[in-house]
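Overview (structure and organization)
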Amino acid sequence: ALQEITGENFDPVPNFEIQPIQGPGKKWTLDSARPHSNFKGASFEKGRSLYFAASCGKCHRFAGLGGNVGPDLTSIKNKFDVNYVIEHIIDPSKIISDQYQSSVVLTADGRSLTGLMSEADGKVVVYPADVNADPIYLAADDVEAVKPSPISQMPKGLIDGLNGEELRDLLAYLMSGGDPKDRRAYGR
């Protein structure tokens, strides 16, 4: 609605080519991923592309681009170290902010729906973890119970397609805050 008034696109898409993941990947663990947090030789452009190729941008906004299902990741470099970031990518259900926690919604007709939930004006909307899935609309009277889900909306294994160099580039990009001149990430 605001786009019509302001002319500004509030759901911007990347204006650069997104390259596919090269791999070969592996099942990353904290111990196997940590050595790739040395950003020497990291590429801003490859990391930025991988952010979208690895599906991070479907749910998370970063440097003004991406989705809005999960938290904006632009400022993580100011809040967390790279080990924290790796750990939460590998095990997204370890700590789930109540702001982004999914709910398990049990319906009167016996269904169990899991996703982000909103409730207003006697209606409940469940947004499934699959960003391509349509929201599920329910009347509040059709909901029998709601409980917090111990499983994050963010799927496990999102980085498992990446090789070590790609993981390094993605981590450097995340820790750069979207700044190609960030000294910590790119040593410039």
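Our structure is the block above this text.
A short tour of the structure in this document, coming up. All values reported here derive from a predicted model rather than from experimental measurement.

Looking at the pattern of salt bridges
Pairing between side chains of opposite charge can happen when their charged atoms approach one another. The full count for this structure, using the stated rule, is five salt bridges. Ionic pairing is found between Arg34 and Asp31, a salt bridge with its closest N-O pair at 3.7 Å. The class for Asp31 is exposed, based on a relative accessible area of 62%. Asp182 is the salt-bridge partner of Lys77, the closest N and O atoms lying 2.8 Å from each other. Remark: Asp182 occurs in the loop between helix 7 (164–176) and helix 8 (183–186) and Lys77 occurs in helix 5 (residues 76–79); sequence separation between them is 105 residues. In this structure, Lys77 and Asp182 share a single accessibility class: buried.

Remarks on the packing of helix 6 (residues 82–90) against helix 7
Closest axis-to-axis distance for the helix 6/helix 7 pair is 11 Å, and the angle between their directions is 120 degrees. What the angle tells us is that helix 6 and helix 7 run oblique. For the crossing formed where helix 6 meets helix 7, the hand is right-handed. Touching Val82, Val85, Ile86 and Ile89 of helix 6 are Leu171, Leu174 and Met175, all from helix 7. Of the residues belonging to the contact of helix 6 with helix 7, the class tally is seven nonpolar, no polar and no charged.

Digging into the pairing of strand 3 (residues 103–107)
Burial within strand 3 is extensive, with four of its five residues counted as buried. As judged from the five bridges shared by strand 3 and strand 7 (residues 143–148), these two strands associate in the antiparallel manner. Each residue of the ladder has a partner; that of Thr107, found in strand 7, is Val143.

What counts, and where the lines are drawn
Residues numbered from 1 in each chain as written. Predicted model: local features only at pLDDT ≥ 70, side-chain atom pairs only at ≥ 80, totals over all residues. Heavy atoms only, no water. Salt bridge = Lys/Arg side-chain N within 4 Å of Asp/Glu carboxyl O. Buried < 20%, exposed > 50% of the residue type's maximum accessible area, 1.4 Å probe, protein only. Helix = DSSP H or I, 4+ residues; strand = E, 2+ residues; numbered from the N terminus. Axes fitted to C-alpha atoms, helices over the stretch in contact; angles between N-to-C directions. Parallel < 35°, antiparallel > 145°, perpendicular 65-115°, else oblique. Left-handed = near helix turned anticlockwise from the far one by under 90°. Contact = heavy atoms within 4.5 Å. Nonpolar A, V, L, I, M, F, W, Y, C, P; charged D, E, K, R; others polar. Pairing = 2+ DSSP bridges.

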